[in-house]
Amino acid sequence: MKRIIYLLLISLYCLSSCQKTEYQDVSPKLEITVNDNDGNFISNVTVTLYTNESGWKNKTNDILEAETNSSGIVLFEELEEQIYYFSAVKGDLTNDESSVATLKPLAINTKAQITLIIK
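Residues numbered from 1 in each chain as written. Predicted model: local features only at pLDDT ≥ 70, side-chain atom pairs only at ≥ 80, totals over all residues. Heavy atoms only, no water.

Visitor: What am I meant to see in the overall build of the protein here?
Guide: From N to C terminus, the protein includes two helices and seven strands. Ordered by position from the N terminus, the helices and strands of the protein form the series α-β-β-α-β-β-β-β-β. Buried positions account for 28% of the 119 residues belonging to the protein. Of the contacts made within the protein by residues no fewer than 6 positions apart, 65% connect residues no fewer than 24 positions apart. Counting only carbon and sulfur atoms, one obtains 51% of the accessible surface of the protein, whose full area is about 8,400 Å². (Helix = DSSP H or I, 4+ residues; strand = E, 2+ residues; numbered from the N terminus. Buried < 20%, exposed > 50% of the residue type's maximum accessible area, 1.4 Å probe, protein only. Contact = heavy atoms within 4.5 Å. Areas by Shrake-Rupley, 256 points an atom, 1.4 Å probe, with all protein chains shown as cover.)

See below:
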């Protein structure tokens, strides 16, 4: 009988010490990979994000800027749920003739992935 009571007390203690984890929304992320025409990753490309097309066209009012790593990747985190425009530049190479915006607004708990070709 003492064992049963002891086991019940331990079980109650374990249950009471468990914390309920609340679900938290995670801000959208945008991962951009930059390649050349041959599919090779390009490092040290400056990638700039804009919140609207006019900012992208005029290269004004950028919100974030980062360089690609050795795998040609840059990751932007803690973004808002919206469409983003982006430019990728390294010397004379740009993405102006390829993708320049996300197709739809980014969403909570997701990481959008885009591959750019710069020429």
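Visitor: I would appreciate a short explanation of the sheet that holds strand β7 (residues 111-117) in the present structure.
Guide: Note: strands within a sheet are paired through backbone hydrogen bonds, in either parallel or antiparallel orientation. One open sheet holds the three strands; their spatial order is β4-β1-β7, and the pairing between them is mixed. The open sheet has two free edges, formed respectively by β4 (73-76) and β7, since each of these has just one partner strand. Each strand axis lies, on average, 20° off the axis of its neighbour in the sheet, ignoring direction. Where strand β1 (residues 29-35) lies against β4, four bridges are found, and the strand directions are antiparallel. Bridge pairing in β4 places Glu 31 opposite Leu 75. (Pairing = 2+ DSSP bridges. Axes fitted to C-alpha atoms, helices over the stretch in contact; angles between N-to-C directions.)

Visitor: Teacher, can you tell me more about the environment of Lys 29 here?
Guide: Its location among the elements puts Lys 29 in strand β1. We classify Lys 29 as partly exposed; its relative accessible area is 27%. The spatial distance from the C-alpha of Lys 29 to the C-alpha of Leu 75 is 7.1 Å, given a sequence separation of 46 residues. Each residue touching Lys 29, except ones within four places of it in the same chain, is listed here: Leu 75, Phe 76, Glu 77, Leu 79, Leu 106, Thr 110, Lys 111 and Ala 112.

Visitor: Hey, could you run me through the sheet that holds strand β3 (residues 64-67) in this one?
Guide: Across the sheet, four strands lie side by side as β3-β2-β5-β6; this open sheet has antiparallel pairing. Both edges of this open sheet fall to β3 and β6 (93-94), since each of them pairs with a single strand only.

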